[in-house]
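Residues per chain are reported as follows:
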Amino acid sequence: MRATATEGTSGLTSQEVAARVRDGLTNAYEETTSRSALDILRANVLTIFNAILGAALVLILLIGHWADALFGFVLILNTSTGTIAEIRAKRALDRLAVLEAPRAHAIRDGAESEIDVADVVLDDVLRLRSGEQIPADGTILATDGLEVDESILTGESDPVRPQEGGRVLSGTTVTAGAALMRTTAVGAQAYAHRLAREARQFSTVRSELQDGTNRVLTWISWVIVPVALLLIWSQMRQAGGLFAAIESGAWRPAMVAGIAGVVGMVPQGLVLLTSVNFATASLKLARQKVLVQELPAVEVLARVDTLCLDKTGTITTGRIALRDVTAPDGGPADPPALAALDALAADGDANATALALREGLPGIEPARVAAPVSEGLVPFSSRRKWSAVVIDGITWIMGAPEIVLGACPDDAPHRCLALERVREAAATGARVVALARSEQPCGQSGADYALPGGLRPAALVMLAEQVRPDAPETLAYFRAQGVDVKVISGDNPVTVAAVARAAGITRSDGEGLTVLDARELPTTADDPADLERLADAVADAQVLGRVVPEQKKALVAALQARGRTVAMTGDGVNDALALKRADLGIAMGNGAPATKAVARLVLLTGRFSALPGVVAEGRRVMANTERIASLFLSKTVYASLIAVAVAITAIPYPFLPRQLTIVSSLTIGVPAFVLALAPTNQRYRAGFLGRVLTLAVPAGVVAGVGTLAARTWLRAAGLPLEQITSGTTLVLVAAGLALLTLTARPLLGWRLGLVALMGALAVLGVVIPPVRRFFLLAWPTSTTWLIVAAMAAAVVAGMEAVHVMRRRARPRG
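Attention here is on the structure that accompanies the text. Every value quoted in this text rests on a predicted model; they were computed, and no experiment measured them.

**What to know about the pairing of strand S20 (residues 566-570)**
The element S20 is extensively covered by neighbouring structure, given that five of its five residues are classed as buried. Along S20, one buried face is formed by Val566, Met568 and Gly570 and the opposite face, lined by Ala567 and Thr569, is buried too. Pairing of strand S8 (residues 306-309) with S20 involves three bridges; the strand directions are parallel. Paired with Cys308 across the strands is Met568, a residue of S20. In the sheet, S20 pairs with strand S21 (residues 584-588) via four bridges, with the strands oriented parallel. Its bridge partner lying in S21, Ala567 is registered against Leu584.

Okay, here's the thing in C-alpha cells:
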C-alpha cells in the first residue's frame, strides 16, 4: 500500500503557503555551529594580561620611548595565536555543518514538488521516503511500513514505527517505508532545534593551566599599580622631586622606569607559550583529523578521570552486524537456508537486517554455493514484520521470531528449541531473526500478503550492534590509564551491557559489569537529594540504560559533584546537553551539527582510536607548561622584589624595559619555547600552581637578591652607570640560566646545547657594538667582570640549594 496525496490531502494551496511565509512560519533556521569570529576575538583580546601590558604599551608610546616597546610584540603574538587557532577550528566546524536533508518533497495544490527544507511551512504535507531526514516536526497522515531512527534524539537504536496520527520529530531519519506527514512545528520551534538551543549557550573550558596563570595575574594586578606609582615617585625623588622632574624633563625616564617594573612583573611569555603550546597541539591533532574548538580542551582530556560514552555511534558504528546463523536446534544451518538468506539479502531495497546479512554471510559460510535465482520476492514490511522469497517452489519467510515461529504449528520440528534459543539470545542483548520454510505460497490478507501454512523453523539469525573495530583497544588504553569508563545510553540496559562487554568494558576489579536501568533514577539533578542519589547510583555502575537526554546531563553533574573530571562522547542531539555540561565534550564527525557545535573536540573521521593521541598531546602540554612556568613566575618574583626594593630605597631602577626584554628572551622566552615543544609522556598530577610556586618563589628571591647585591657592589666600586647597568644585567642573565638548568634537566644533548647557546648569545649582546648600543650596555671592565663572576657563582649556588631543598621536601609517591 502506497501513501499518496489522494489518500489524505491535496496539501496547502499556493495562497496558504504565501500567507505562512509572510507570517514567518517557515522552516528557515540558521544553524549556529560555533562561536562567531567576533566572539573568539573578544575572548582573546579582553584578558587581564592584555589589559596590563596594553596600558603599559600605550604609556611607553605616548612618552616616545619606541625602543622600549618591544614587549608589545609579545602582546600581539599572544592575542593573534589564540584567535587564529580558534577561528581555524570554527571554519573547519562550519564546513562540517552540512544539512543532511537538503531537499523535501511537499504536496501543494494537489501535486508533489521538491523544495528546499528552508521553504517548508507550517501545515505543509510532506512525503517521507526511506533514507531521508525528516525536516520538521509533524503528524503522520498515511503510512506504508514507515520506520524511523530516532537515536540522534533519544539514543535508542531500535527503530520506531509511527502509525497514522503518530508524531515524528525533525532530525530523525526514515529507515524503511514511506509516509505522508503534516508539519506541526517548523524552524526554531522544531524539537531538535529547541533541544540544541539550550546546549549552544557558550561556556569556556576550565583550564588548570590558564586558571593558575590568571590567578597569578590577578594577584599581580592588585600590586602593580601601587608598585608602579612607588617606582615613579622614587625615580622622581632621584631627580629632585616632582616639580623639578617635570621642569627638567626627568619625569620621562621616571615613567619609563615605572613601566619597566610593571613589564618585569608580568609573566607575559607564560601566557604566550601556553597559547602556542595549545595551538601547536591543536594543529598536530588536526592532522590526525581531530578538531580542537577551544585550545584548553587539549589539556582537559589529560586530566579526565571519568569517560562517559554514548553507545550508538560512539563505541558502535550505528549499524547491526551478523553474529551467527544456526539451525533451530543450535547446529550449523543447512545450505538451502543460507541460500535463501542470500536471496533475501539481495533485495535492492534492503532494510538494516538484510544489509547485515549481505555483509556478514560470506564470512560465515564462504564455501556455500551461490543462491539460486528466486522465483518471487515479498519485500519486508514493518506492518507484517517479515519478508519472503520463493526458490525452487519453496517459500522462505524471514522476520520477527514471535511472528514467524509463532505461525509454525506446535508440532513443527525444532519449534520449541528455536523459541528457547531466541529467549536465551535476547537475554544477552542480541537481536534475533527467524527463518522458516513452507511448500505453500504466501496467501493474501486484504491488500497485503499473509503467511503460508505449514511453516517449519529453518534457521535463526543472530544479530548484534556493530562495535567499532578500534573500540576495545582504545578502551583498554583508558583502563590502563586509570580512567573510569561508563556507557550511558537510551537503549535497553541488557542490550547496552552486551555491547559494553563486546567492547571490553569491565569493572575496575576486572569482574562483570554493574548495570542500571535509569528509569529507576531521578531525571534531573536540580534537587540536592536527587543529585546525591544519582551520584551514589552512578559511582559504581559501568552501564546505564534507558537514559533520557536530560538525565544524561544530570548524571554528568552527579559525577562532577563527587569531584570527577568528566569527558562525554556522543553524536546525537540527545547527547548535546550532556556534552555541554561535561568538563570535555567530544563529538563524532558524523554526528548532528548541534552536537558538534557544543563539543570541545570533534573526531572528524569518527575514529574512537584518536582519543589516546589527544591524551598524549594533553600530557605534553601539561608537563611542558609546568616545566616552563617556573621560569616565567620566577621572573615575576625577582622583578617584584627589585621593584619594591627600588621603591623603598629610592635608588635608580637598574634596568630599562629593553634590557629586561633581552634578559627575558635569552633566559626564559626562547628556551621555554623549545622546552614547550619537547616530547614527554609524564602523567598528569593535580596541583600545577603549587608545584610551580615551590620552585619559582625561592628561585626568584635568589635571583632578585643576587641582582640587587651585584648592583650595590658595582655602585660601591665607584663604577659608572653604564658599567653598573651592564654588570647587573649579566648577573641577572646568569641567575636566569641557572634556573634554566634546573627546569631543562637532564642536561644532555640538545638541552645542554640550549643552555650553552643562550649564555653565548648573552655575551655576544655586550660584544657586538650595534647590539650593545641599542640595549644601552657597555663592555664590562675587569672590575665589572670580577664582580659579575663572583655574584654569578653565588646565584648559581643559591639555585642549586633551592633545587636540593625542593626535592627533599617533595612528597613521595
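So, next bit.
**Digging into a nonpolar patch on the surface**
Residues Leu757, Leu761, Val763, Leu764, Val767, Ile768, Val771, Trp779 and Trp785 make up a contiguous nonpolar surface patch of about 700 Å² in total accessible area. Broken down by element, the nonpolar patch gets its largest block of residues, five residues, from helix H28 (residues 750-767). For Leu764, the location among the structural elements is in helix H28. What makes Leu764 partly exposed here is its relative accessible area of 39%.

**Notes on the nonpolar core**
Grouped together as the largest cluster of nonpolar side chains are 100 residues, with contacts concentrated most on Leu301 and Phe608. At 15 residues, the largest contribution of residues to this core is made by helix H24 (residues 611-649). Discounting chain neighbours no more than four positions away, the residues touching Phe608 are Leu307, Leu309, Thr314, Ile315, Arg468, Asp470, Ala471, Thr474, Leu475, Met588 and Leu603. Grouped together as the second largest cluster of nonpolar side chains are 27 residues, Cys308, Ala535, Ala554 and Ala587 included.

**Things to note about the pattern of salt bridges**
When the charged atoms of two side chains with opposite charge come close together, those side chains can pair. As enumerated under the stated definition, the model contains 16 salt bridges in all. Linking Asp484 and Lys486 is a salt bridge whose minimum nitrogen-to-oxygen distance equals 3.1 Å. With a relative accessible area of 22%, Asp484 lands in the partly exposed category. Assessed through its relative accessible area of 0%, Lys486 is described here as buried. A cluster of three or more residues bridged by salt bridges with shared partners is formed by Glu112, Arg127 and Arg129.

**Brief notes about the sheet that holds strand S3 (residues 125-128)**
Strands pair in a sheet through their backbones, by hydrogen bonds, and they do so in one of two ways: parallel or antiparallel. What the six strands build is an open sheet, ordered S2-S1-S3-S6-S4-S5; its pairing is antiparallel. Taken across any chain shown, the strands that pair with only one partner, and hence form the sheet edges, are strand S2 (111-116) and strand S5 (167-168). Pairing of strand S4 (residues 137-149) with S5 involves two bridges; the strand directions are antiparallel. Residue Thr139 lies in a different strand from S5, and its bridge partner there is Arg167.

**Comments concerning the environment of Ala525**
Structurally, the position occupied by Ala525 is in the loop between strand S18 (515-517) and helix H20 (528-539). Residues Ala525 and Leu555 lie 30 residues apart in sequence; the distance between their C-alpha atoms is 7.8 Å. For Ala525, the residues in contact, after removing those within four places along its chain, are Leu531, Leu534 and Ala554.

**As for the environment of Ala104**
Relative to the assigned elements, Ala104 resides in strand S1 (residues 103-108). Ala104 sits 14 residues away from Ala118 along the chain, and the two C-alpha atoms are 9.0 Å apart. Excluding anything up to four places from it in sequence, Ala104 contacts Ser113, Glu114, Ile115, Val117, Val120 and Pro135.

Calculation rules
- Residues numbered from 1 in each chain as written.
- Predicted model: local features only at pLDDT ≥ 70, side-chain atom pairs only at ≥ 80, totals over all residues.
- Heavy atoms only, no water.
- Buried < 20%, exposed > 50% of the residue type's maximum accessible area, 1.4 Å probe, protein only.
- Helix = DSSP H or I, 4+ residues; strand = E, 2+ residues; numbered from the N terminus.
- Pairing = 2+ DSSP bridges.
- Patch = residues over 30% accessible without salt bridge, like charges linked within 9 Å, V, L, I, M, F, W, Y side chains within 5 Å.
- Areas by Shrake-Rupley, 256 points an atom, 1.4 Å probe, with all protein chains shown as cover.
- Salt bridge = Lys/Arg side-chain N within 4 Å of Asp/Glu carboxyl O.
- Core = buried A, V, L, I, M, F, W, Y, C linked by side-chain atoms within 4.5 Å.
- Contact = heavy atoms within 4.5 Å.

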